[in-house]
Amino acid sequence: MINRLSKSKLKLLILTLLLFLQPFFAVAQNDTDISFFPNKSIEFIDLLVTVVLITVASIVVLLLKLISNTNKTANDQTEHKKSKFKEYISNLNASEIEVIKRKRIKSNNGLSLAILGLLYLVPQIIFAQTGPAKREDIFSEPGIVITLVLIFIPLFFALIYLVSKVTTSFRNYNNFQKLKEAEAFAAFISDDENMPSDSELEEIKQKSAYEVVPNEISAGKASHDSKGLLKNITSETNYRFFATKRPPIKRPKIDPALTKLVLWFLGTAVFWLFVGSSVGEYVGIKFIVPDADTYSWLSIGRLRAVHTNLVFWAWATIGIMGLGYYIVPMVSNAPLNSIKNGWTALICVNFAMFVGAITIMAGINNGGGEYREIIWPIMAIWAVGLLLTVINFIKTIAKRTTTEIYISNWFIVASYIFILIVAFIAYIPMGQDGIGETIVQGYYMHQAVGMWFMFSMLGVLYYLLPQQLNKPIYSYSLGVLAFWSQILFYTVIGTHHFVFSALPWWLQTVAIVGSVGMLIPVVAGTTNYLMTLRGSWSKVSNSYSLPFFFVGIIYYFTGSFQGTAEAFRSTNLIWHFTDFTIAHSHITMYGIITFLLFGGIYAIVPRLTGKEPPQLGVGAHFWLALIGLQFYTIPLMIGGTLKGLMWAEGAPFIDSVVMMGPYWLWRAIGGTLMWLSHIVLVYNMYKMMQPTVDVDVKQKAFEIINQNLETNLAEPKI
Ligand code: HEM
């Protein structure tokens, strides 16, 4: 197969491999002082390097296959021109083709295995020269082991997906080449020179001149194509790399007043995502260029709070509210109780966030309480918006025409009740002196995440996942188990943020036990969603929303499990105060909540407006966000761990800051990709919401007929 690669391609390939391996060789020559990885823990690096190398090796092998196949086709065509073409047609039978194919695969496999083996051995050889490695006990801790495994689960799924995508493309490409090949055969056969005899030539000429007339099958009589079989024929002329998405289906009309309200909620949510993540992007850049500006309004301390408050209380909150305004009336099978209250709520939350962001930048804030930096009078307006909404929802559910209250409504209504209580407790000054403030902080920030964002989005998923798959949820009982167990465990885990603090030891232990208990709702929920998806995987690739939901579900499992692993005393000792927490925040708030919100937007907005987003736009949004998130979180997890270990070894703080430089650079690169994906989302929203200009003649005609019928019926008969 190597012979089939052109020299330049081979050189490029070797160069790429050498470049990739260069840092490891550099490590091999270093003493233990300065190295590519500042940390000396070989076990962790070994594991990481091995996974990365296997990933790269798999991709290289697939690429080699693709290149060799392209070259093979070119060589074959040359051979055809050297007069073996005729023999090839007449002599090869199906089983011989199979034998050749098998042989080719075998030789490819040989090389693949050799490359894989070589790449696998490289880190072993390199690290063998670094002298006695200092083994850290931390890596034998169960919490660390669990977390490392969890870090690689999304990578593993991404790899499987990538390999299946490349393999499918490879197969499609093969078929496409075969079609081309068939055309070449036809041209060859039409050539007089190659015709074996006059009679055969005549036969072929007759065949090629043959044309089907429209009434061929009806034997000359007038034809009727009532099923549109002939009219709807399409011919594929280009090779398709991306699967075509399902064409939009006409949806039943939803109350235009509700449609407008939901679109405003979702539209403003996306606006805040753009603003909030632009601020996050700037903060991320400032970690690399701290002196980018000298304005107090743009200092990291203020902008960081603007970012967190906007993505929490504007983007995610307003997005969740928008989805709720669609889902609650839908599953209650009743109209929304009050559209007017919905508008008031929308104005309240948007106004509060606008003023809140400006006040934080101006330096007017609520002190050190994280995620509650916005002063109470402004947050009170925000809370009024949520209160009006939950009252609206409860009244709508009370008017439902279904006997049961569907599980989505349980989750959604409960999440509003929780966040209102939690926010109230966070803002009242009583009991917030000294250590009391710390307890409230843990209670507030973790319940905001778990009992508001997570709880409501799980409810949203219980409606949208079955809706998008057009099948019922796998188990109602698992949903109920997840509901009650999340309430039981999530409400006690807040203080796991303050392990080893001055808080009572038993309170810390309760939080750790609660964190382990969280595995029950997480496993129940994940199982329920995955089992609902089971048997419908093909729908994921041709849907706009399901890939986002799928990523959200996988991160729900890994992100939550990671939280459990972080809560143990042994792991907390290393990770607390490091960038590992920032990675965890984005894995959960972005990987779970934001991805589920993206899926919700793509599921609902086209239903409301009747307009699908551009396929390329959704693809770009998905991949930029997903790849960006990997670049954001993985370096921070590595850097955060190294930082924790450095501190444990007693290294000066400033050394850990210097060490983090490259990891923060990667975070900024990942953040930029995520940010770009948000610009694409804004464009997609515009495409889905732009005012209709085309009139659907058929639809309009039927509307007129219906209108006339209704008027005739209403007129009194004389
Ligand atoms: C372009 C996208 C984003 C970028 C570039 C970005 C960047 C950042 C940066 C630089 C920080 C400060 C980290 C530090 O103090 O070391 C941060 C914190 C945070 N961000 Fe983002 N972010 C983005 C999107 C989001 C979204 C969409 C959410 C949630 C829905 C989110 C949630 C958070 C949270 C919760 C924190 C605080 C983390 C902690 O203290 O544990 N971010 N982000």
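Remember, it's a predicted structure, so these values are computed and weren't measured experimentally. (Residues numbered from 1 in each chain as written. Predicted model: local features only at pLDDT ≥ 70, side-chain atom pairs only at ≥ 80, totals over all residues.)

When helices and strands are tallied, the protein chain shows 21 helices and zero strands. Scored against the burial criterion, the 718 residues of the protein chain give a buried share of 35%. Contacts in the protein chain between residues at least 24 apart in sequence constitute 84% of all its contacts with a sequence separation of at least 6. (Helix = DSSP H or I, 4+ residues; strand = E, 2+ residues; numbered from the N terminus. Buried ≥ 20, exposed ≤ 12 C-beta atoms within 10 Å, placed from the backbone. Contact = placed C-beta atoms within 7 Å.)

Formed by 142 residues in total, the largest nonpolar core has its most connected members in Leu310 and Leu461. Beyond its immediate chain neighbours, meaning those up to four positions away, Leu461 contacts Tyr529, Phe549 and Leu596. (Core = buried A, V, L, I, M, F, W, Y, C linked by C-beta atoms within 7 Å.)

The next subject is the site of the ligand. Taken together, 22 residues surround the ligand, and among them Ser277, Gly280, Ser585, Met589 and Gly671 come closest. Elements that contribute at least two residues to the shell around the ligand include exactly helix 6 (256-286), helix 7 (300-332), helix 18 (580-609) and helix 20 (653-689). Among the elements that line the shell around the ligand, the one with the most residues is helix 18, at eight residues. (Near = placed C-beta within 6 Å.)

Okay, the packing of helix 6 against helix 7 next. Between two packed helices, what matters for the description is the angle formed by their axes and the separation of those axes. Two elements in contact, helix 6 and helix 7, have axes whose closest approach is 8 Å; the angle formed by their N-to-C orientations is 160°. One element, helix 6, and the other, helix 7, form an angle in the roughly antiparallel class. As helix 6 runs across helix 7, the sense of the crossing is left-handed. Partitioning the contact of helix 6 with helix 7 into residue classes produces 24 nonpolar, seven polar and two charged. (Axes fitted to C-alpha atoms, helices over the stretch in contact; angles between N-to-C directions. Parallel < 35°, antiparallel > 145°, perpendicular 65-115°, else oblique. Left-handed = near helix turned anticlockwise from the far one by under 90°. Nonpolar A, V, L, I, M, F, W, Y, C, P; charged D, E, K, R; others polar.)

Turning our attention to helix 8 (residues 339-362). Between the first and last C-alpha of helix 8 there are 35 Å, a value that for 24 residues agrees with the 34 Å anticipated at 1.5 Å per step. Those residues of helix 8 lying buried are Gly342, Ala345, Leu346, Cys348, Val349, Asn350, Ala352, Met353, Gly356, Ala357 and Ile360. Immediately downstream of helix 8, the backbone of Gly363 shows phi near 90°, a positive value. (Expected span 1.5 Å × (residues − 1).)

Now for the environment of Gly617. By secondary structure assignment, the location of Gly617 is in helix 19 (residues 615-648). Exposure remark for Gly617: the 18 C-beta atoms within 10 Å place this residue in the partly exposed category. For the pair formed by Gly617 and Val680, sequence separation is 63 residues and the distance between their alpha carbons is 6.3 Å. Leave out the neighbours within four places in its chain, and Gly617 touches Val680, Tyr683, Asn684 and Lys687.

Next up on the list: the environment of Pro329. By the element assignment, Pro329 lies in helix 7. Sequence separation of Pro329 and Arg400 is 71 residues, and the distance between their C-alpha atoms is 8.0 Å. Setting aside residues up to four positions removed in sequence, Pro329 forms contacts with Leu258, Ala334, Pro335, Leu336 and Thr396.

As a further point, take helix 20. A rise of 1.5 Å per residue sets the reference length of helix 20, with its 37 residues, at 54 Å; its end C-alpha atoms lie 51 Å apart and thus fit the reference within 8%. The largest bend along helix 20 measures about 45° and falls at Gly661, with the proline Pro662 one to four residues further on. (Bend = angle between axes of the 7 residues up to and from the residue.)

Close contact between helix 7 and helix 9 (residues 376-398) brings their axes to 10 Å; oriented N to C, the two are set at 15°. Comparing their axes, helix 9 and helix 7 come out roughly parallel. Helix 9 is crossed by helix 7, and the crossing has left-handed handedness. For the pair formed by helix 7 and helix 9, the contact residues are Trp313, Met321, Gly324, Val328, Pro329 and Ser332 on the first element and Trp382, Thr389, Phe393, Thr396 and Ile397 on the second. Here the contact of helix 7 with helix 9 is composed, by residue class, of seven nonpolar, four polar and no charged.

Another point: the confidence of the model for the protein chain. When pLDDT is averaged along the protein chain, the result is 82; 72% of the residues meet or exceed 70. Across residues 22-42 the pLDDT falls below 50, and counting only partners more than four positions away or on other chains, this stretch makes 29 contacts in the model. Predicted confidence for residues 122-135 stays below pLDDT 50, and this span has 23 contacts to residues more than four positions away or in other chains. (pLDDT = per-residue confidence, 0-100.)

The next point concerns unusual backbone geometry. Of note in the backbone geometry, Asn470 takes a positive phi value of approximately 60° without being a glycine. Summarising the element assignment, Asn470 is placed in the loop between helix 11 (435-469) and helix 12 (476-490). We note that Phe500 has phi near 70°; this positive angle belongs to a residue other than glycine. Here Phe500 lies in the loop between helix 12 and helix 13 (505-517). Residue Phe500 is classed as exposed on the basis of its 11 C-beta neighbours within 10 Å.

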